[in-house]
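What the coordinates show
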Amino acid sequence: VQLQASGGGLVQAGGSLRLSCAASGRTFSSYAMGWFRQAPGKEREFVPAISASGGSADYADSVKGRFTISRDNAKNTVYLQMNSLKPEDTAVYYCASAPFLGVVLTGHNEYDYWGQGTQVTVSS
């Protein structure tokens, strides 16, 4: 499985961005997906995750109510809609996948495949 993240950029505080993560292969609908982020000097942290079917999702407390994860299994793509962005959201954002059905995975060590990351910078 190869993952290609895109959609990052520079935005002012309060603005919005939508990240996309396109996956290769024909079994995307069998993979749980997640987004993580890593700021300079900090550990990689969980953002949101979604089950293989898209029926369940979980969010880090820091992004609840601002970020929305979704997926389109027909397009092999998972999305992260980010609204009301804050400077502390600045980080490299990574998408990840794991071959599990029916679960939402929030730990980075639970994922097998990672995208290359896309930079999100929020200016104050």
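Residues numbered from 1 in each chain as written. Predicted model: local features only at pLDDT ≥ 70, side-chain atom pairs only at ≥ 80, totals over all residues. Heavy atoms only, no water.

Let's shift gears to the environment of Lys42. Looking at the secondary structure, you find Lys42 in the loop between strand S4 (32-38) and strand S5 (45-50). Between the C-alpha atom of Lys42 and that of Ala91, which follows or precedes it by 49 residues, the distance is 9.5 Å. (Helix = DSSP H or I, 4+ residues; strand = E, 2+ residues; numbered from the N terminus.)

Next up on the list: the packing of aromatic side chains. The final tally for this structure, using the stated rule, is five aromatic pairs. Taken together, a centroid distance of 5.9 Å and an interplanar angle of 65 degrees make the contact between Phe36 and Phe46 edge-to-face. Of this pair, Phe36 sits in strand S4 while Phe46 sits in strand S5, and the two are ten residues apart along the sequence. Ring centres of Phe36 and Tyr111 lie 5.4 Å apart, and the angle between their planes is 75 degrees; this geometry places the pair in the edge-to-face category. Within this pair, whereas Phe36 is found in strand S4, its partner Tyr111 is found in the loop between strand S9 (91-98) and strand S10 (113-114), the two being separated by 75 residues in sequence. Just as Phe36 is buried, Tyr111 falls in that class too. Ring pairs connect the aromatic residues Phe36, Phe46, Tyr111 and Trp114, which therefore count as one cluster. Geometry around Trp114 places Arg44 over its ring, the cationic atom sitting 4.7 Å from the centre. Over the aromatic face of Phe28 sits the side chain of Arg71, whose NZ or CZ is 4.4 Å from the ring centroid. (Phe/Tyr/Trp six-rings, centres within 6.5 Å; stacked < 30°, edge-to-face > 60°. Buried < 20%, exposed > 50% of the residue type's maximum accessible area, 1.4 Å probe, protein only. Lys NZ or Arg CZ within 6 Å of the ring centre and 35° of its normal.)

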